[in-house]
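Chain residues, written in single-letter form:
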Amino acid sequence: MGKFYVTTPIYYVNDVPHVGHAYSTIAADVLSRFYRSLDYDVFFLTGTDEHGQKVAKAAEERGLDVQKHVDEMVVPFKELWKRLEIDSGFIRTTEKRHEIVVQAIFEKLREKGDIYPGKYEGWYCIFEETFYPESQIEEGKCPECSREVKWVSEDSYFFKTSNYIPRLHKHIEENPDFIMPKSRRNEVLSYIESGVQDVSVSRTAIKWGVKVPGDEKHVVYVWFDALINYLSGIGYHPDKKKQDPNFKKFWPADVHIIGKDILKFHAVIWPAMLMALGEDLPKMIFAHGFLTVGGEKISKSRGKVIDPNELIDKYGADAYRYFFMSQFTFGLDGEYTEETMIKRINADLANDLGNLVHRTANMMKKYYEGNVPNPKYSQSDKEGLTRDIKIQINGIPNHLKRYLKVLDFSKSLAAIWHTISLLNKYIEDMAPWQLHKEERNDELAKVMYTLADGIRAVAQFIYPFMPQTAEKIWKQIGATGDLKRFPETKPDIKDLNDWVVLKPGSNFKIAEPLFPRIEE
RNA sequence: GGCAGUGUAGCUCAGUCUGGUUAGAGCACACGGCUCAUACCCGUGUUGUCAUUGGUUCAAAUCCAAUCACUGCCA
């Protein structure tokens, strides 16, 4: 089977984790679980970016040793990922395994002449850790954060980004899926067509960072340092003899999930670095949109930070995951309100999914003491509602493969929810309570089995999105197979009797509703 | 200032590339049905000058032009 390597950005530890961080990370986790369930060998990497001026300053303000400070700051991230059922590898840029690789890469590129010494002069914003051209500066203020900028002149190493731009341009043109969505791809194309300067990759004014080998008054620029995590996290080393076998197995990355704000670093500088190293480029860089509140970007300075922990406390991890994956188109901005979240939880999770499982459980108890009956599908089931259900379920795996290939999470969930609606409608149309009253036992057994097995399929479909709920359902319906093995599409449905997956006799229990309705 | 994108039902959006049956979905709302269920589910229905104006065409939400509003990237 194939391999799949997915990454999120590594998050800057100066922030407390917010919904934006969780958004990228959940998306990556869904992909990672999905491909695992298809039997791919999956590596999912997230982590934290812990170097840079801002971090050192924050530590100083707290009167703490910087390493100690970052050791503390990383904790809320790890805890949040645990709560959200994020199943990933984790890298910190202050780890030895990372720093060694950064230095080795720096050294290799310097020997190659791709990194050369020079002088950097310009307006610099300490907060953003970015230089800005004269034209963007108004009244000495940073165009991003409006803090004061300083004129800085310092020795610096430069990376010959410009060398690789023609090749990069060609690569982007020839690989339409390299930068997604398309609007971002156009942005990058027009940006590199306007001319790209070599980037400064070291600082002398900063101490907290990876030391430049052989020139220790320099520290490696945070972005150069940070991007390398995608390699160091899977055991890369420029010296092939020092590489971990994992690297060969997983590189190139199948998708880097990023926010649209860091597109240029990932779509221009990063590929240039990889070309300089002679490594393959990632297959896809997907820049998702921002979550907005009141139409504005969520930001600390505007006081619009939303703490994921609060929402998880109130609604649970799976409802959280479901809401953010279903509500927004991944490449576009999306407006967040808690009211919408409550609506979606009630309508989709409580009414549709939760109630489907619950009502089925009740009938199963009433008619069969909770033991899933053995169906006898007959000739007449070659058409009609039961077959419709089977066909619908049979189509889902391919839908999901197609949608998730382009990171369309909301369409994926919509397809699954369409199945859930059909199952609810199936109950209505077949009216098991009538069949029971009239003692049409064969028909009743067939309907109840179809429901139970339909729920089994739904549990497997939602597993990548809502692992806890899938587990709960799996247990509740008494399934014994592997929940985490994605059901494959059957090429042909000739005889429904060939399609008995959930074992008849399984004990389908009544349990607490999966998602209680939220009353406002 | 340059380039790009967006503007469709009360809300969130699909449809636009490759013009062509009465413009769709979900939510919300109204009515009806059902009763196994978490007052749930099922059915039916309402609402749209498809941003504006003009053009091309037998035919435009879809193509073209201009305008307005908002957004992004660059300067």
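Values in this document were obtained by computation on a predicted structure and should not be read as measured data.

## Regarding the protein's contact with RNA strand B
Phase 1 of the analysis: Neighbouring RNA strand B are 28 residues; K264, N351, N355, R359 and F515 lie closest to it.
Phase 2 of the analysis: In the interface set of RNA strand B, defined as its atoms within 4 Å of the protein, sugar plus phosphate atoms amount to 71%.
Phase 3 of the analysis: Here D352 contributes a side-chain N or O atom positioned 3.4 Å from a phosphate oxygen of RNA strand B.
Phase 4 of the analysis: Here R517 contributes a side-chain N or O atom positioned 2.9 Å from a phosphate oxygen of RNA strand B.

## A few points about the pairing of strand β12 (residues 285-288)
Phase 1 of the analysis: Because side chains alternate across β12, one face comprises the buried residues I285 and A287, and the other comprises F286 and H288, equally buried.
Phase 2 of the analysis: Pairing between strand β7 (residues 179-180) and β12: two bridges, direction parallel. Bridging across to β12, I179 finds its partner in I285.
Phase 3 of the analysis: Pairing analysis gives four bridges linking strand β11 (residues 255-259) to β12, with the strands arranged parallel. Across the sheet, residue G259 finds its bridge partner in β12, namely H288.
Phase 4 of the analysis: Handedness of the crossover joining β11 and β12 through helix α10 (residues 263-277): right-handed.

## A look at the pattern of salt bridges
Phase 1 of the analysis: By the definition in use, this model includes 27 salt bridges.
Phase 2 of the analysis: As a salt-bridge pair, E174 and K170 come within 3.7 Å of each other at their nearest N and O atoms. Remark: K170 and E174 occur in helix α5 (residues 161-174); sequence separation between them is four residues, near one turn of the helix.
Phase 3 of the analysis: With a closest N to O distance of 3.1 Å, D254 and K283 form a salt bridge. One end of the pair, D254, is in the loop between α9 (245-250) and β11; the other, K283, is in the loop between α10 and β12, and 29 residues separate them in sequence.
Phase 4 of the analysis: Under the relative-accessibility criterion, D254 is labelled buried at 11%.
Phase 5 of the analysis: What makes K283 partly exposed here is its relative accessible area of 45%.

## Observations concerning the environment of K78
Phase 1 of the analysis: Assignment of secondary structure puts K78 in helix α3 (residues 66-83).
Phase 2 of the analysis: K78 gets classed as partly exposed once you look at its relative accessible area, which sits at 42%.
Phase 3 of the analysis: In this structure, the C-alpha to C-alpha distance between K78 and L227, residues 149 residues apart in sequence, is 20 Å.

## With respect to the packing of helix α13 (residues 338-368) against helix α17 (residues 441-462)
Phase 1 of the analysis: Running from N to C, α13 and α17 point in directions that differ by 145 degrees, and their axes come no closer than 11 Å. Pair α13 / α17 crosses with left-handed handedness. Residues L353, L356, V357, T360, M363, M364, Y367 and Y368 of α13 form the contact with α17, whose participating residues are N441, L444, A445, M448, L451, A452, I455, V458 and I462.
Phase 2 of the analysis: Looking at the contact of α13 with α17 residue by residue, the classes come out as 15 nonpolar, two polar and no charged.

What counts as what
- Residues numbered from 1 in each chain as written.
- Chains lettered and ligands numbered in written order.
- Predicted model: local features only at pLDDT ≥ 70, side-chain atom pairs only at ≥ 80, totals over all residues.
- Heavy atoms only, no water.
- Near = heavy atom within 4 Å.
- Polar contact = N/O pair within 3.5 Å; in protein donor to acceptor, adjacent residues only side chain to side chain.
- Buried < 20%, exposed > 50% of the residue type's maximum accessible area, 1.4 Å probe, protein only.
- Helix = DSSP H or I, 4+ residues; strand = E, 2+ residues; numbered from the N terminus.
- Pairing = 2+ DSSP bridges.
- Right-handed = clockwise from strand over helix to strand, strands pointing away.
- Salt bridge = Lys/Arg side-chain N within 4 Å of Asp/Glu carboxyl O.
- Axes fitted to C-alpha atoms, helices over the stretch in contact; angles between N-to-C directions.
- Left-handed = near helix turned anticlockwise from the far one by under 90°.
- Contact = heavy atoms within 4.5 Å.
- Nonpolar A, V, L, I, M, F, W, Y, C, P; charged D, E, K, R; others polar.

Any functional reading would require information beyond the geometric quantities listed.
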